[in-house]
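Structural overview
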Amino acid sequence: MQQRVDGISFWLRRPHDFNWLAPFGIVFKIWDQQDSGNIAFGLKIEDQQVFIKYAGASTVRYEGYPFDAVRRLRDAARSFEALQHPNLVRLLDHFDTEEGYALIFEWTDGELLLRNDDPDSGISKFRRLPIQERLDAMQQILDFHVHVEASGYVAIDLYDGSLIYDFERKTMTICDIDFYCPAPYTNEMGRMWGSSRFMSPEEYELGAEIDSRTNVYALGAMAFCLLGNESDRSRECWEASDELYEIAAKAVSAERTERWESVEQFCEVWEAARFKD
């Protein structure tokens, strides 16, 4: 069914009360097609904008129960608080509503880098940037995930849709860590949440350990996405140095023991190769 808030239409499986949004401003954009069970809103009040992520409504692409989405979003709030970092979107508040749970974030300028063949999309524009600017952006992703590892967390569901790039300020922001969890973590699903383009073999294996080597794989896949070709990991499609290529290729080894041991180690060898005289 179709609903409207502040004149903007969106779709749900059944009606839901969003009157609680009113104190936060006027809605100017709605994201209602996520498969996570969340719906998101961009709101503006005077010259301030915020982004609100909400669980509790029956969204059209979500096949689960709203109460499970609420539980996951409540857990996500704890992750955002634990992993505060300059390269992570800033959580301002989180709270229960009568029928769900909401997270309020500081608005982040930039464009989402989710895969899109449109030449005007964020990822298409990003891939046309000079290689040094893309390497700087990749470094910001690595720096945050060294922090994630040091904080005792594992990064689950890291993919290009987790990234916002500000082309003016040349800054990368990680905007979605909803499934990041404290370590140790065991695969209890079989096929876990995430994009297959960034997922390691153990993320398909029930009972497998999800750890730093799993995160190394995702970051290696991210390097190919931003600096090469995510579907063709050959040297011919790689745009950075040969040494960085070898480091990224080792990171995405199918065999866990052949990868870098930790995100910290991966970052250290990456930086050494990148800034080599």
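Structure: above.
The notes below deal with the structure included here.

About the cut-offs
- Residues numbered from 1 in each chain as written.
- Predicted model: local features only at pLDDT ≥ 70, side-chain atom pairs only at ≥ 80, totals over all residues.
- Heavy atoms only, no water.
- Pairing = 2+ DSSP bridges.
- Helix = DSSP H or I, 4+ residues; strand = E, 2+ residues; numbered from the N terminus.
- Axes fitted to C-alpha atoms, helices over the stretch in contact; angles between N-to-C directions.
- Contact = heavy atoms within 4.5 Å.
- Patch = residues over 30% accessible without salt bridge, like charges linked within 9 Å, V, L, I, M, F, W, Y side chains within 5 Å.
- Areas by Shrake-Rupley, 256 points an atom, 1.4 Å probe, with all protein chains shown as cover.
- Salt bridge = Lys/Arg side-chain N within 4 Å of Asp/Glu carboxyl O.
- Lys, Arg positive; Asp, Glu negative; His and termini not counted.
- Charge placed at Lys NZ, Arg CZ, Asp CG, Glu CD.
- 1 Å grid on protein atoms, 1.4 Å probe; cavity = no way out; pocket = protein on both sides within 12 Å on 5 of 7 lines; lining within 4 Å.
- Points joined across faces, edges and corners; volume = space filled by probe spheres on them.
- Nonpolar A, V, L, I, M, F, W, Y, C, P; charged D, E, K, R; others polar.
- Core = buried A, V, L, I, M, F, W, Y, C linked by side-chain atoms within 4.5 Å.
- Buried < 20%, exposed > 50% of the residue type's maximum accessible area, 1.4 Å probe, protein only.

The strand order across the open sheet formed by five strands is S3-S4-S5-S7-S6, and the pairing between neighbours is antiparallel. On the outer flanks of this sheet lie strand S3 (26–31) and strand S6 (91–96), each paired with one strand and no other. Across this sheet, the average inter-strand angle for adjacent strands is 20 degrees, counted without regard to direction. Summarising the sheet, S6 and strand S7 (residues 101–106) pair through five bridges and their orientation is antiparallel. Counted as the bridge partner of leucine 91 is phenylalanine 105 from S7. This element, helix H1 (residues 66–82), spans strand S4 (38–45), strand S5 (48–55), S6 and S7 of the sheet and lies at about 35 degrees to S7.

For the rest of this paragraph, the subject is a negative patch on the surface. Residues Asp143, Glu264, Glu268 and Glu271 make up a contiguous surface patch of negative charge. Take the negative patch: its biggest share by element is three residues, from helix H6 (residues 263–274). Positionally, glutamate 268 belongs in helix H6.

All right, on to empty space enclosed by the protein then. Tallied over the full model, the rule gives two cavities of 30 Å³ or more. Computed from the structure, the largest cavity encloses a volume of approximately 70 Å³. In terms of lining, the largest cavity is formed by Ala155, Asp157, Leu158, Trp193, Gly194, Ser195, Phe198, Met199, Glu203, Thr214, Asn215 and Ala218. Residue composition of the lining of the largest cavity, by class: six nonpolar, four polar and two charged. Forming the boundary of the second largest cavity are Ser36, Asn38, Ala69, Arg72, Leu73, Ala76, Asp178 and Phe179. It is H1 that contributes the most residues to the lining of the second largest cavity, four residues altogether.

The biggest cluster of nonpolar side chains holds 62 residues, and the ones touching the most others in it are Phe80, Met172, Tyr180, Leu226, Trp238, Phe266 and Trp270. Tallying contributions element by element places helix H4 (residues 212–227) first for this core, with eleven residues. Ignoring sequence-local partners within four residues, the contact set of phenylalanine 266 consists of Leu142, Val216, Leu219, Gly220, Ile247, Ala251 and Trp260. With 17 residues, the next largest nonpolar core counts Trp20, Ile30, Leu43 and Ile52 among its residues.

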